[in-house]
Amino acid sequence: MKQLAYKNPFELQTLSFWNELKKYPHLCVSQTLVEGLKAYYGRESFSLLCTIDLFLKQFYSEWHGDNELKLFQTIHLSNAIKKIKNNKLQSSFKHNQNDILKSIRFIIECGIKPEDIQNKTHLSEEQLCLIDLYQELYDIDCFKSLFHQSERGSDGLLTCAKEIMIKELERNLDLHPKPSASDDDRIHEIKMAIELTKKSNKNEENSSLQHVLNLLENLGSEDGAFSFDKVVIHGVHQFTPLIYKFIHRLNEIGVEVIFLFNYCEEFSSIYNTWDKVYRWTKRDTEQHGSLFSIIPRQLGENMGSIFEGRVKDIQKTNEFLYKFDNLTSFTDYVSPIYEDAKEKSNQSGSTKKIDIIKNMIEQFYAVDGSEINSLLKVYFPEHFGDRHFLSYPIGQFILGIYNMWDSKNKQIKIDERNLKECLALNIWKFRDGLTPLQMFYDMSLYFKGAQTFTEYMNRLDKIRKTVSLSNKDQIRRLSFFSYTKDDVESFIQVIEYINNFATQLFKDGQDDLRSHYKELIEYISTNINSAEISKKEQLFIDEIKNRLETIEIEDIVADIEDIRNTLHFYLTASDNKDQEAEWIVRDFEQIDGGVLLAKAKDEKKRGKPNAVYHFAGLSDENLLNKTKKSLPFPITIEMIDGMNEISSLIALCKKEYIHFLRFSFFYGTYFLSALNPISLSYIEELEEEKAEPYSIFKILNLPVQDWLQVDTFDDTEPLLPYNDRSTVPLDINLDDSMKRSANACYLRLLFNHCLDPFPFFNDEFNLFYVSQLLATYTIIEKYRANDIPMLKTLNQFKNLFPFMSSLDFKQIEKMVIRDQNSPLEPKYVDTKLEFKYFSWKTDQGENLFRNITFVPRENTKPYKNFVKNLDRFINDDNIPFLPDGHNWKICDVCNQKYVCGYSLKVKEN
């Protein structure tokens with residue numbers, strides 16, 4: 001083993017050892033470092049060049065990426081968890097089963113044997129339970145496959161290198177071989193594709209491809225272009241158990257491991273973290289090169305001076321610190337920059353994620369990019385790898401049914417979240433583009449408290465009978481009664497379909513895994529019209545079918561809960577994400593590669609705009625209190641420290657992570673080309689707490705500037721959002737409800753009486769209130785008109801409104817008592833049902849509803865003026881949609897306020 005360090009990352013080729021090292025495989029800590037080395041030094045300067053993580057996935061392929069193995073492990077773990085006697089612990093471990101499996105795999109990767117765990121006094125109850133599970137599972141064969149594969153030798157290294165280089169060429173040539181294609185067939189297709197690139201005059205690209213192909217064809221021969229006598233590992237600071245195990249295996253089979261990283265003793269306080277994490281090697285670090293030709297950025301120089309105690313050397317710079325309120329505001333900043341880069345890449349004919357990232361005019365590096373990328377994944381799901389089958393509507397439909405199945409009672413237990421996922425599949429034909437999901441949103445309150453299929457059907461039957469009534473103008477003000485009888489019957493058929501699907505799928509209770517998966521896919525294929533699902537979803541189904549023919553999971557019987565937990569192992573696409581940019585905002589671990597990328601671009605694109613390098617998340621909370629978030633529950637640093645040599649090294653790396661972040665930030669600000677502008681920022685709201693800027697910025701006296709998002713409402717006038725130049729004749733036969741809507745707002749008239757069939761509320765709070773009003777006034781009206789006892793009518797409403805509680809009906813009784821002697825004129829009742837109020841006094845005592853409730857009679861001057869103004873609004877887009885004297889408080893009680901949105905503007909201002 002050797003540890004070689006360089007000072008200047010741009011002069012590796014001048015170092016005495018470089019000509020020898022470059023012919024050996026180079027394994028890098030990050031994909032960005034791989035891209036940076038290729039961009040600055042050229043792909044032809046290296047033999048095998050990939051991330052160490054990618055190589056480990058190949059070297060330990062059975063352990064790292066085998067779905068069948070993880071399925072077996074999950075089933076055995078699930079059975080072990082069910083034996084936990086402590087109900088609280090059992091429930092916790094069931095809920096966190098994926099993390100528990102990761103924890104057990106982590107312990108195995110560390111090489112910890114049950115007998116190694118002797119001191120249990122300092123462990124928590126959850127950790128003691130984890131160890132008991134580990135001891136129970138340790139001797140099961142599927143948990144021992146890592147030990148079996150650890151015996152791979154030199155031939156295994158060459159096999160891994162071959163597969164990685166084939167995939168590298170296929171990715172660069174945009175080739176997609178069939179799963180059954182042999183290596184010879186794949187290489188033949190690669191050769192043909194490279195010949196085509198020669199005709200396109202892409203000399204630089206073709207040279208790189210030909211170089212890798214030559215390496216591939218000579219791999220393993222005596223005069224091969226490279227060998228595995230040595231392996232160079234770049235920039236690893238955060239060691240993992242598998243990296244350690246791999247290095248140990250290389251030493252056993254006679255392969256010399258050479259660690260290569262940046263080190264400048266001039267900044268010993270920053271770089272001594274490298275001394276600590278490499279102490280386990282018991283080797284000294286050989287330092288090479290100098291900083292003579294480096295012109296450091298002043299910000300980096302200032303940081304170095306502070307950490308080395310040379311505060312007097314600090315010089316003023318022009319940088320400042322952006323403050324973002326929260327993660328959402330930061331992603332709102334990133335999103336348009338990514339979209340512009342994507343459009344540029346598409347115009348140039350490239351759809352590769354790496355190319356899109358390279359085209360971004362601002363390159364983002366965050367202390368921790370995981371949460372930011374999780375939000376961006378919602379905006380740009382196609383960027384973060386092939387979508388999992390379960391993330392498509394048909395996959396969500398399946399998962400929703402599994403989640404709703406009650407194994408104990410052998411029936412579906414309907415809940416709103418999962419039912420909505422099922423309804424989103426939208427394979428059912430409704431009238432005029434109506435969807436079952438849309439209907440559910442309008443009817444969801446009516447199902448409150450209902451869980452079983454029978455309860456849902458009973459309530460749907462009430463809705464069907466109610467909307468079939470001849471006189472239903474009043475009840476149509478409630479969204480769940482706003483549909484036709486045919487619409488409701490169509491919705492009933494959907495709920496019946498979901499119930500039948502679940503009943504058929506789970507009819508046997510416990511089931512053989514393979515048989516169940518095959519039956520599931522077969523049921524989907526025969527019961528869902530392929531014309532109604534996307535081509536991508538159909539390809540997934542075909543791929544899963546083929547895979548189920550080859551898997552070896554016979555005679556494994558599992559209950560429905562275990563089947564649900566293992567479902568994702570087979571409802572997923574093939575892993576084609578090697579060396580892809582599965583991020584938009586990089587972590588600090590990738591800064592070293594970013595510096596090389598920036599330098600390469602500077603030298604190739606003189607005179608063109610240079611990308612801004614944006615360092616984000618620069619708060620004390622991130623840079624002073626951060627630990628590497630890779631230890632799954634319930635493992636902690638304290639638990640693994642001292643168990644054995646590997647676990648102690650991992651614990652040390654976790655403890656040193658904050659110093660590694662400091663080094664990374666220094667590296668980026670010190671070595672980054674002066675041609676690239678730097679942007680600095682932090683996010684104030686972190687987990688409901690206020691974050692503070694990184695303390696060093698206070699010493700440097702960097703000013704803080706709020707990032708203000710451009711409000712698209714600022715330049716928006718309250719005008720009709722389109723310009724229809726033709727004259728629209730106005731039908732003046734308006735009923736009183738339409739006139740009241742127009743008096744309030746012309747847009748309300750359009751929304752409630754033109755776009756929607758009838759004005760209604762559909763949010764839960766207003767639906768409850770309006771339902772209570774309707775019940776109250778109906779009870780009083782029936783008593784006055786026909787002397788029907790109030791209690792009888794109240795009981796009828798109890799049957800009609802099953803979603804209400806006894807307290808809700810107590811409230812109705814109080815409202816009846818309060819209003820039973822009131823006049824309750826039709827105008828009063830209708831206005832309250834439409835607006836919830838009949839009068840609303842301002843501070844000056846003025847009734848805000850006075851103008852709204854005034855309904856001009858036909859053939860009068862006020863009516864003619866009313867029609868004239870309405871006609872002008874419809875035919876002239878320069879007429880505001882708000883009548884004169886409108887008060888914005890009216891918007892607060894409008895049933896269309898969430899559609900219109902202008903009340904939000906007023907509140908914000």
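Residues numbered from 1 in each chain as written. Predicted model: local features only at pLDDT ≥ 70, side-chain atom pairs only at ≥ 80, totals over all residues. Heavy atoms only, no water.

Focus on the overall build of the chain
Selection criterion: Counting from the N terminus, the helices are the DSSP runs of H or I reaching at least four residues and the strands are the DSSP runs of E reaching at least two. In this scheme, a residue with accessible area under 20% of its type's maximum is buried, one over 50% is exposed, and one in between is partly exposed, where area comes from a 1.4 Å probe on protein chains only. Note on areas: these come from Shrake-Rupley sampling with a 1.4 Å probe, and a residue is covered only by the protein chains present in the view.
Along the backbone of the chain there are 43 helices and 18 strands. Counting over 909 residues, the chain shows a buried share of 52%. Surface exposure of the chain reaches about 43600 Å², of which carbon and sulfur atoms provide 47%.

Quick notes on helix α22 (residues 453-467)
Put simply, the test is: Under the convention used throughout, the expected extent of a helix is 1.5 Å for every residue step, that is, one less than its residue count. By the convention used here, residues are in contact when the closest approach between their heavy atoms is within 4.5 Å.
Its 15 residues give α22 an end-to-end C-alpha distance of 21 Å, which sits within 8% of 21 Å, the value for a rise of 1.5 Å per residue. Every buried residue belonging to α22 is among Y456, M457, R459, L460, I463, T466 and V467, and all of these are buried. Residues of α22 that are buried sit in contact with α20 (416-423), α21 (436-443), α23 (485-505) and α36 (790-800).

Section: the environment of Q135
With respect to the helices and strands, Q135 occurs in helix α8 (residues 125-137). Between the C-alpha atoms of Q135 and I104, which are 31 residues apart in sequence, the distance is 9.9 Å.

Some points on the pairing of strand β7 (residues 321-324)
Just so we agree on the cut-off: The pairing criterion for strands is at least two bridges between them, as found by DSSP.
Across the two faces of β7 the burial is the same, with L321 and K323 and Y322 and F324 all buried. With three bridges connecting them, β7 and strand β18 (residues 704-706) associate as parallel partners. Paired with K323 across the two strands is D706, which belongs to β18.

Topic: the packing of helix α7 (residues 97-109) against α8
Stated precisely, the cut-off is as follows: Between N-to-C directions, angles span 0 to 180 degrees; the directions come from axes that are lines fitted to C-alpha atoms, helices contributing only their stretch in contact. An angle below 35 degrees is read as roughly parallel, one above 145 as roughly antiparallel, one from 65 to 115 as roughly perpendicular, and any other as oblique. With the far helix as reference, a near helix turned anticlockwise by less than a right angle produces a left-handed crossing, and one turned clockwise produces a right-handed crossing.
At their nearest, the axes of α7 and α8 sit 10 Å apart, and the two run at 65 degrees to each other. One way to sum up the angle between α7 and α8 is to call them roughly perpendicular. α8 is crossed by α7, and the crossing has right-handed handedness. The residues of α8 that touch α7, namely those facing I100, S103, I104, I107 and I108, are L130, L133, Y134 and L137.

Re the layout of surface pockets
Keep this limit in mind: A 1.4 Å probe that fits into a set of points on a 1 Å grid over the protein atoms alone but cannot get out defines a cavity; an open set with protein on both sides within 12 Å along at least five of seven lines defines a pocket, and lining residues are those with an atom within 4 Å of a point. Grid points are joined across faces, edges and corners, and a volume is the space filled by probe spheres set on the points. We call Asp, Glu, Lys and Arg charged. Ala, Val, Leu, Ile, Met, Phe, Trp, Tyr, Cys and Pro are nonpolar, and the rest, Gly among them, are polar.
Estimated volume of the second largest pocket: approximately 880 Å³. Taken together, 30 residues form the lining of the second largest pocket, with Q474, I475, T778, K782 and F797 sitting closest to its centre. Contributions of two or more residues to the lining of the second largest pocket are made by α22, α35 (764-786), α36 and α38 (826-835). In terms of residue class, the lining of the second largest pocket is built from twelve nonpolar, nine polar and nine charged.

Re the side chain of R186
Among the structural elements, R186 can be located in helix α11 (residues 183-198). On the basis of relative accessibility, which here comes to 10%, the residue R186 falls in the buried class. Every residue in contact with R186, bar those within four places of it in the chain, is listed here: E163, I166, K167, E170, P177 and A181.

Some details on the pattern of salt bridges
The line we're drawing: Within this document, salt bridges are pairs made up of a side-chain nitrogen of Lys or Arg and a carboxyl oxygen of Asp or Glu, the two lying within 4 Å of each other.
Considering all chains together, one arrives at 31 salt bridges under this definition. Where K230 meets E256, a salt bridge forms, and the shortest distance between an N and an O atom there is 3.8 Å. With K230 in strand β4 (residues 230-234) and E256 in strand β5 (residues 256-262), this residue pair connects regions lying 26 residues apart in the sequence. Accessibility expressed as a relative area gives 15% for K230, which makes it buried. Put simply, R431 and D487 hold a salt bridge, and the shortest N to O gap is 2.8 Å. Of this pair, R431 sits in the loop between α20 and α21 while D487 sits in helix α23, placing them 56 residues apart in sequence.

As for the sheet that holds β7
Taken together, the six strands give an open sheet; going across it, the order is β13-β8-β14-β15-β7-β18, and neighbouring strands pair in parallel fashion. Each end of this open sheet is capped by a strand with a single partner; those strands are β13 (586-587) and β18.

Structural notes on the sheet that holds strand β1 (residues 2-6)
Read across the sheet, six strands follow the order β3-β2-β4-β5-β1-β6 without closing on themselves; strand pairing throughout is parallel. Looking at the sheet topology across the chains shown, the edges are occupied by β3 (49-51) and β6 (285-288). In this sheet, neighbouring strand axes are inclined to one another by 25 degrees on average, regardless of whether the strands run parallel or antiparallel. Of the strand pairs in this sheet, β4 and β5 are connected by five bridges, and their pairing is parallel. Along β5, the bridge assignment pairs V231 with V257.

Quick notes on the nonpolar core
Basically, it comes down to this: The nonpolar core is taken to be a set of buried Ala, Val, Leu, Ile, Met, Phe, Trp, Tyr and Cys residues, with the residues joined through side-chain atoms within 4.5 Å.
If you look at the biggest cluster of nonpolar residues, it comprises 150 residues, and the most contacted ones within it are F55, F239 and Y271. Ranked by residues supplied to this core, first place goes to helix α31 (residues 657-671) with nine residues. Sequence-distant contacts of F239, that is, excluding residues within four places in its chain, are made with I247, F259, V277, Y278, W280, L649, I650 and C653. The next biggest cluster of nonpolar side chains, apart from the first, holds 80 residues, and it includes I75, I412, V488 and Y777.

Considering the confidence of the model for the chain
Threshold: The pLDDT score gives, residue by residue, the confidence of the prediction method on a 0 to 100 scale.
In the predicted model, the chain carries a mean pLDDT of 84, and 85% of its residues have values of at least 70. Counting interchain partners and residues more than four positions distant, the pLDDT-below-50 stretch residues 573-578 has twelve contacts. Counting contacts from residues 710-729, a segment whose pLDDT is below 50, to residues more than four positions away or on other chains yields 24 contacts.

Comments concerning the pairing of strand β15 (residues 678-683)
Counting buried positions over the six residues of β15 gives six, a clear majority of the element. Side chains I678, L680 and Y682 of β15 all project onto a buried face; the interleaved residues S679, S681 and I683 project onto the opposite face, where all are buried too. Pairing analysis gives four bridges linking β7 to β15, with the strands arranged parallel. Counterpart to Y322 in the pairing with β15 is S681. Note that strand β14 (residues 612-616) and β15 share three bridges and pair parallel. By the bridge assignment, H614 is partnered in β15 with S679.

Section: the side chain of R297
Rules: For the charge count, each Lys or Arg is scored as positive and each Asp or Glu as negative, with His and the chain ends excluded.
Mapped onto the elements of the fold, R297 is located in the loop between β6 and α15 (298-307). Among buried Asp, Glu, Lys and Arg side chains, R297 stands out as unpaired, with E319 the closest opposite charge at 4.6 Å.

Considering the packing of aromatic side chains
Under the convention used in this document: Centres within 6.5 Å are what make two rings of Phe, Tyr or Trp a pair, Trp counting through its six-membered ring; a difference in plane orientation under 30 degrees is then read as stacked, over 60 as edge-to-face, and the rest as tilted. Geometrically, a charge over a ring is one whose NZ (Lys) or CZ (Arg) sits within 6 Å of the ring centre while staying within 35 degrees of the ring normal.
Applying the stated criterion across every chain, the model contains 72 aromatic pairs. When the ring of F55 is compared with that of F246, the centres are 5.6 Å apart and the planes differ by 50 degrees; the resulting orientation is tilted. With a gap of 191 residues between them, F55 in helix α3 (residues 52-59) and F246 in helix α13 (residues 241-252) connect regions that are remote in the sequence. Using a relative accessible area of 0% as the deciding quantity, one classes F55 as buried. Note on F239 and F259: the rings are 6.1 Å apart at their centroids and 85 degrees apart in plane angle, and the pair reads as edge-to-face. Taken together, the positions of F239 in the loop between β4 and α13 and F259 in strand β5 put the pair 20 residues apart, joining distant regions of the chain. Each member of the pair, F239 together with F259, is buried. Over the face of the ring belonging to F307 we find R662, whose NZ or CZ atom lies 4.5 Å from the ring centre.

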